[in-house]
Amino acid sequence: MAESAAVTLIDVAIAGTSDWGPNEEVVGQPRRTVARSRADLRRYVTLLGRWTQRDFEARYRRSSLRSLWSVLQPFYFVAVYALIFGVIFQQTGGDLPYLSYILGGVVVYRPVAAALSANTCIVDNHHSITQTAFPVEIVPLAQVLCKMVYVAVTTIGLLVVGVVQGVQFGAPIVLLP
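Quantities reported herein were computed from a predicted structural model and do not represent experimental measurements. (Residues numbered from 1 in each chain as written. Predicted model: local features only at pLDDT ≥ 70, side-chain atom pairs only at ≥ 80, totals over all residues. Heavy atoms only, no water.)

Asker: Could you give an account of the side chain of S100, with specific residues and numbers?
Answerer: With respect to the helices, strands and loops of the structure, S100 is situated in helix α5 (residues 98–117). Note on S100: relative accessible area 7%, which makes it buried. Residues contacting S100, with those up to four places away along its chain left out, are L158, V161, G162, Q165 and V167. (Helix = DSSP H or I, 4+ residues; strand = E, 2+ residues; numbered from the N terminus. Buried < 20%, exposed > 50% of the residue type's maximum accessible area, 1.4 Å probe, protein only. Contact = heavy atoms within 4.5 Å.)

Asker: Could you give me a rundown of the packing of aromatic side chains, with the residues and numbers involved?
Answerer: A complete count under the given rule lists 6 aromatic pairs for this structure. With centroids separated by 6.0 Å and ring planes inclined at 45°, the aromatic side chains of W69 and Y76 adopt a geometry described as tilted. Using a relative accessible area of 27% as the deciding quantity, one classes W69 as partly exposed. Exposure remark for Y76: the relative accessible area of 47% places this residue in the partly exposed category. Residue placement shows R54 over the ring face of W51; its charged tip is 4.5 Å from the ring centre. (Phe/Tyr/Trp six-rings, centres within 6.5 Å; stacked < 30°, edge-to-face > 60°. Lys NZ or Arg CZ within 6 Å of the ring centre and 35° of its normal.)

Asker: Report on the pattern of salt bridges, specifying residues and quantitative values.
Answerer: Within the structure shown, the criterion is met by 1 salt bridge. D55 is the partner of R54 in a salt bridge, and the nearest nitrogen-oxygen pair spans 3.2 Å. Using a relative accessible area of 37% as the deciding quantity, one classes R54 as partly exposed. Here D55 falls in the buried class, since its relative accessible area comes to 13%. (Salt bridge = Lys/Arg side-chain N within 4 Å of Asp/Glu carboxyl O.)

Asker: Residues and numbers for α5, please.
Answerer: A rise of 1.5 Å per residue sets the reference length of α5, with its 20 residues, at 28 Å; its end C-alpha atoms lie 28 Å apart and thus fit the reference within 8%. Looking only at α5, the buried set comprises Y98, S100, I102, L103, V106, V107, R110, P111 and A114. In this structure, the buried residues of α5 make contact with α3 (45–59), α4 (69–88) and α8 (138–164). (Expected span 1.5 Å × (residues − 1).)

Asker: A description of the nonpolar core should follow, citing residues and the corresponding values.
Answerer: Counting residues in each nonpolar core, the largest one holds 13 residues, and the members touching the most others are V78, I102, L103 and V106. Breaking this core down by element, the ones donating at least two residues are α4, α5 and α8. Per-element tally for this core: the top contributor is α5, with 5 residues. Ignoring sequence-local partners within four residues, the contact set of I102 consists of V78, Y81 and A82. (Core = buried A, V, L, I, M, F, W, Y, C linked by side-chain atoms within 4.5 Å.)

Asker: Give me the environment of L158: which residues, what numbers.
Answerer: Within the fold, L158 resides in helix α8. For L158, a relative accessible area of 17% puts it in the buried group. Note: C-alpha distance between L158 and V106 (52 residues apart in sequence) is 9.5 Å. Sequence-distant contacts of L158, defined by excluding residues within four places in its chain, comprise S100, L103, G104 and V107.

Asker: Before we move on, can you summarise the packing of α4 against α8 with the specific residues and values?
Answerer: Describing two packed helices takes the angle between their axes plus the distance from one axis to the other. Two elements in contact, α4 and α8, have axes whose closest approach is 9 Å; the angle formed by their N-to-C orientations is 55°. Of the possible angle classes, the one that applies to α4 and α8 is oblique. As α4 runs across α8, the sense of the crossing is right-handed. Between α4 and α8, the residues in contact are S70, V71, Q73, P74 and F75 and Y150, V153, T154, G157 and V161, respectively. Taken together, the residues of the contact of α4 with α8 break down into 6 nonpolar, 4 polar and no charged. (Axes fitted to C-alpha atoms, helices over the stretch in contact; angles between N-to-C directions. Parallel < 35°, antiparallel > 145°, perpendicular 65-115°, else oblique. Left-handed = near helix turned anticlockwise from the far one by under 90°. Nonpolar A, V, L, I, M, F, W, Y, C, P; charged D, E, K, R; others polar.)

Asker: Any chance you could break down the side chain of D55 for me, citing the residues and the numbers?
Answerer: Here D55 shows up in helix α3. D55 has contacts with A142, Q143 and C146, leaving out every residue within four places of it along the chain.

Here's what the structure looks like:
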C-alpha cells in the first residue's frame, strides 16, 4: 500500500499540481503529458499574452521612455561598445563594418544573458502560481516571449544598420527564424 502511494505522489510531482484545486483528490488522475500541456497552453493563450505584456511593461515601468526604451537600449549598448572597443582599443570587425559586427553580438548576447539571469521566475511568482490554477509553464514561457520582443526589435535594427552599411546578407541571415 505504501509503495503504490509513493508512486502516486511521484506521478503527482511529475504532473504538476496546477490541474487540481487545493481540496480535490489527486489520486487516480491521469499523468500530464506533452500533448496535454500543449492543449492547456492553447486554452490559456490569452493569459500567456497578458503575462508577457505584464513582464514587458514591468521591465520598463520606471523608465521615462517606457517601452520606447526597448528600442533605444540595444543602440545605446552598441554606442558604448563602439566607443570603448572601436575607438579606445582600435578593434575591427574583420570583413564586416564594425557597427554591424557589434550589433550582431548584442542581438545574441543580451537575450541569453537575460534568460540566464531570469532563472528564478517560478520562485519569484510563487504567490500567483499557488493561488490560481493555470499551467505553470506559462510563467517561464511569458519571460521567453518578452525576450523575443527584444530580439525582434534588435534584429530589425541589425538588418537596417546592415543595409545602410552595405553588408551582403547570405543564406544564414535569410534563414533566421
